[in-house]
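The primary structure of each chain is shown beneath.
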Amino acid sequence: MVTRREAVQLGLMGVFAAAMRPVFSAGKPDEKAFADSVLETMKLRKININIGLGSSFKVVQATDSHFTYVSAEDFEKLDSKSMEWYSSRSKIFADGIPGLAAALLHAKNLNAPLFHTGDLLDFPSKANLDMIRRDLSMRNWFYSLGNHEYHGWGPGKPAIAIGRSAEERAAGRRLFAPYVPNPIPVASRVIGGVNFVQYDNSGFSDHMGHWQLDQIKKEFAKGLPVVMLCHMPFFTDKLVDQMVVTKKLVKEKINDGYLQGVPWANSWGGRKELLAWLKEQPLLKAIICGHLHGEYCVQFSKTAMQYVSDANYKGFVYEFTFS
Ligand SMILES: [Fe+2]
Ligand SMILES: [Fe+2]
């Protein structure tokens, strides 16, 4: 409340400022209330994976956040067709930030790492890359490259020319390497006696395939239970049957753009070989991936289920408990 004497002293602008004072002097913002609001939008899925460990631990996974940020610098390089395309993408994926904020906060509350299995960005704009540095560089996270990270731009690929050839995929990996916490082609992290092995099956190309397979074999040779993390799911008959129903797809049209190692599709080097080899590995306990923007859970091998997580831009966050 401003007294008459104060009003004279303060003048009109001062009165406004003084009248506003109680709002800003009410103490610190209620951070917990804000945090609760972020978590309210989260669609949390909890999955238990029992692999006979002595104790249990949790990891949080999110996939397909599809950020659509562009800077003025990015925009200067867009032609009108690309602007139209950008505008439509930014509407579809408008909730990427609340999705990732919830995943990060949930992981922080659990004191667990966040695994992001790709399509973190819808396209590799400068603003999107800056976002990774700003929002994730200080976090405990682990990452698999998604297909959108390196060829997500629509018409003209104006901001950063990365596309579909082996050289362009290699350029994509080089572009992302400084922004992410682990090597992109293959990387591992041991948590609670489980070896989490991520590999890039989106920027996959002939010259990489067999090299990656050799690296993955070395990870299994460590003798620990293995959980594979990647962006694109592996082919299984059951998964295809479910996709035909849920996505209304013609079976024969499901190709390596959807899944890894589709028997009737032209596969890049090593994919089918990796799939066949993984099926025979008793140490493989689970595959966790994304890309389909839908939720599927199918048996992959005698010892492993494949968990395909729904998209983070829709609010989905996955809490895996390993025991
Ligand atoms: Fe995606
Ligand atoms: Fe994808």
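Residues numbered from 1 in each chain as written. Chains lettered and ligands numbered in written order. Predicted model: local features only at pLDDT ≥ 70, side-chain atom pairs only at ≥ 80, totals over all residues.

(A) Structural context of helix α5 (residues 96-110). The end-to-end C-alpha distance of α5, which contains 15 residues, comes to 21 Å, matching closely the 21 Å that a straight helix rising 1.5 Å per residue would cover. The positive-phi residue at the C-terminal boundary of α5 is Asn111, with phi of around 55°. (Helix = DSSP H or I, 4+ residues; strand = E, 2+ residues; numbered from the N terminus. Expected span 1.5 Å × (residues − 1).)

(B) A look at unusual backbone geometry. Residue Asp64 is not a glycine yet carries a positive backbone phi of 60°. Structurally, the position occupied by Asp64 is in the loop between β2 (57-62) and α3 (72-75). On the neighbour-count criterion, Asp64 (27 C-beta atoms within 10 Å) is buried. One non-glycine residue, His66, adopts positive backbone phi at about 55°. (Buried ≥ 20, exposed ≤ 12 C-beta atoms within 10 Å, placed from the backbone.)

(C) Quick look at the confidence of the model for the chain. Within the chain, residue pLDDT values average 86, and 83% of them lie at 70 or more. Here residues 158-162 is a poorly scored stretch, pLDDT under 50, and it has 21 contacts once near neighbours within four places are set aside; other chains count. (pLDDT = per-residue confidence, 0-100. Contact = placed C-beta atoms within 7 Å.)

(D) Here's a closer look at the sheet that holds β2. Strands sit in the order β1-β11-β2-β3-β4 across an open sheet of five strands; the sheet is mixed. Sheet topology places β1 (43-49) and β4 (141-143) at the edges, where each strand pairs with a single neighbour. Each adjacent strand pair in this sheet contributes to an overall mean axis angle of 25°, direction not counted. Of the strands in this sheet, β1, β2, β3 (114-116) and β11 (316-322) are in contact with α5, which crosses β2 at around 170°. (Pairing = 2+ DSSP bridges. Axes fitted to C-alpha atoms, helices over the stretch in contact; angles between N-to-C directions.)

(E) Quick peek at the environment of Phe115. Take Phe115: it is sitting in strand β3. Judged by C-beta crowding, with 25 C-beta atoms within 10 Å, Phe115 ranks as buried. Between the C-alpha atoms of Phe115 and Val59, which are 56 residues apart in sequence, the distance is 7.3 Å. Excluding anything up to four places from it in sequence, Phe115 contacts Val59, Gln61, Phe142, Leu229 and Ile288.

(F) Molecular detail of the environment of Ile184. Checked against the element boundaries, Ile184 lands in the loop between α8 (166-176) and β5 (186-191). Considering only alpha carbons, one finds Ile184 and Asn201, 17 residues apart in sequence, at a separation of 9.8 Å.

(G) Inspection of the nonpolar core at higher detail. Residues Ala103 and Ile287 are the most contacted members of the largest nonpolar core, which totals 56 residues. Not counting residues within four places of it along the chain, the set of residues in contact with Ala103 comprises Val60, Ala62, Leu114, Asn312 and Val317. Phe67, Leu121, Leu129 and Ile132 belong to the second largest nonpolar core, which has seven residues in total. (Core = buried A, V, L, I, M, F, W, Y, C linked by C-beta atoms within 7 Å.)

(H) Local environment of the sheet that holds β5. The six strands lie next to each other as β5-β6-β7-β8-β10-β9, forming an open sheet whose pairing is mixed. Both edges of this open sheet fall to β5 and β9 (296-299), since each of them pairs with a single strand only. Across the sheet, the axes of successive neighbouring strands diverge by a mean angle of 20°, strand direction being ignored. Bridge count between strand β6 (residues 194-199) and strand β7 (residues 226-229): four bridges; the pairing is parallel. Looking at β7, one finds that Phe196 is bridged to Val227.

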